[in-house]
Amino acid sequence: MRARLAVLVLLGAVPLFAQNAISRASVIAGMNFERAVHHLPPLREDPRLDAAADDRVYDMRSLRYWAHVAPDGRTPFEALLPHGYSFLSAAENLAAGFENVERLIEGWMESAGHRANILSAEYQDCGVAVVEGSTTHPWWRGKSVVVLFGKPRR
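Residues numbered from 1 in each chain as written. Predicted model: local features only at pLDDT ≥ 70, side-chain atom pairs only at ≥ 80, totals over all residues. Heavy atoms only, no water.

Q: I'm lost on helix α4 (residues 101-109) in this one. Help?
A: Turn by turn, an α-helix covers 3.6 residues, leaving residues three or four places apart pointing in a common direction. Turning to α4, its buried residues number three or more, namely V101, L104, I105, W108 and M109. For α4, the arc enclosing every buried residue in end-on projection is 130°, short of the 170-degree limit, so these residues lie on one face. Measuring from the backbone nitrogen of E102 back to the side-chain oxygen at the start of α4 gives 3.2 Å, which picks out N100 as the cap. (Buried < 20%, exposed > 50% of the residue type's maximum accessible area, 1.4 Å probe, protein only. Helix = DSSP H or I, 4+ residues; strand = E, 2+ residues; numbered from the N terminus. Arc of directions from axis to C-beta. Polar contact = N/O pair within 3.5 Å; in protein donor to acceptor, adjacent residues only side chain to side chain.)

Printed below as a string of structure tokens:
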């Protein structure tokens, strides 16, 4: 039964993942494909985390930085509480310059820290922001992507 469920989850993720365009849905599908391969439950998209990820990328673009910590010392986790997401644990993945979701997910899976976030059984929710270009160099090609992961405080 579990094997059939995993196959159904994989098949459900493949169409969005195979589209190759980078979008909230395709990034979540790609991460959930990797989670299914490793027998983990899918991440749930949470609109509060989507809004926090949007805030993060807007802040990075307006202050022209690309980092987990803002120039003034703010962390990504400070963006969660204003949107009503109280968390027990949280993490962030960043990526820039990717033209398709397959290469984006491959890049994260080849990075120990990004891979650990995607495959952590602790995280249940995620939110994604995608913008065209770079937050620091507007002429750069590709997309910039922010993913926030969370385990809610119940």
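Q: What is the right way to read the pattern of salt bridges from this model?
A: Two side chains that carry opposite charge are able to pair once their charged atoms sit near each other. One pass over the structure, following the stated rule, counts 7 salt bridges. Here R74 and D59 are joined by a salt bridge, their closest N and O atoms 3.0 Å apart. Note that R74 is positioned in the loop between α3 (47-63) and β2 (87-98) and D59 in helix α3, a separation of 15 residues in sequence. What you see here is one network of salt bridges that share partners, running through R24, D50 and D54. (Salt bridge = Lys/Arg side-chain N within 4 Å of Asp/Glu carboxyl O.)

Q: Looking at this model, I keep getting lost on the nonpolar core. Mind explaining?
A: Most often, soluble globular proteins keep nonpolar side chains buried together rather than apart. One finds V27, M31, L104, W108, V145, V147 and F149 to be the most contacted residues of the largest nonpolar core, which totals 21 residues. Here the element with the most residues in this core is α4; it accounts for 5 residues. Beyond its immediate sequence surroundings of up to four residues, L104 is in contact with I22, V27, A95, F98 and V145. One finds L80, F87, V146 and L148 within the second-largest nonpolar core, a separate group that totals 17 residues. (Core = buried A, V, L, I, M, F, W, Y, C linked by side-chain atoms within 4.5 Å. Contact = heavy atoms within 4.5 Å.)

Q: Could you clarify how one ought to interpret the sheet that holds strand β3 (residues 125-132) in this entry?
A: Adjacent strands of a sheet form backbone hydrogen bonds with each other and so pair up, either parallel or antiparallel. Overall, mixed pairing links the 4 strands, which are arranged β1-β3-β4-β2 in an open sheet. Only two strands of the sheet have a single neighbouring strand rather than two, namely β1 (44-45) and β2. Sheet topology note: the β3/strand β4 (residues 143-152) ladder contains 8 bridges and is antiparallel. Counterpart to D125 in the pairing with β4 is G150. Strands in contact with helix α2 (residues 24-37) are β1, β3 and β4; relative to β3, the strand with the most contacts, it is inclined by about 130°. In the packing of α3 onto the sheet, contacts are made with β1, β2, β3 and β4, and the angle to β3 comes to roughly 35°. (Pairing = 2+ DSSP bridges. Axes fitted to C-alpha atoms, helices over the stretch in contact; angles between N-to-C directions.)

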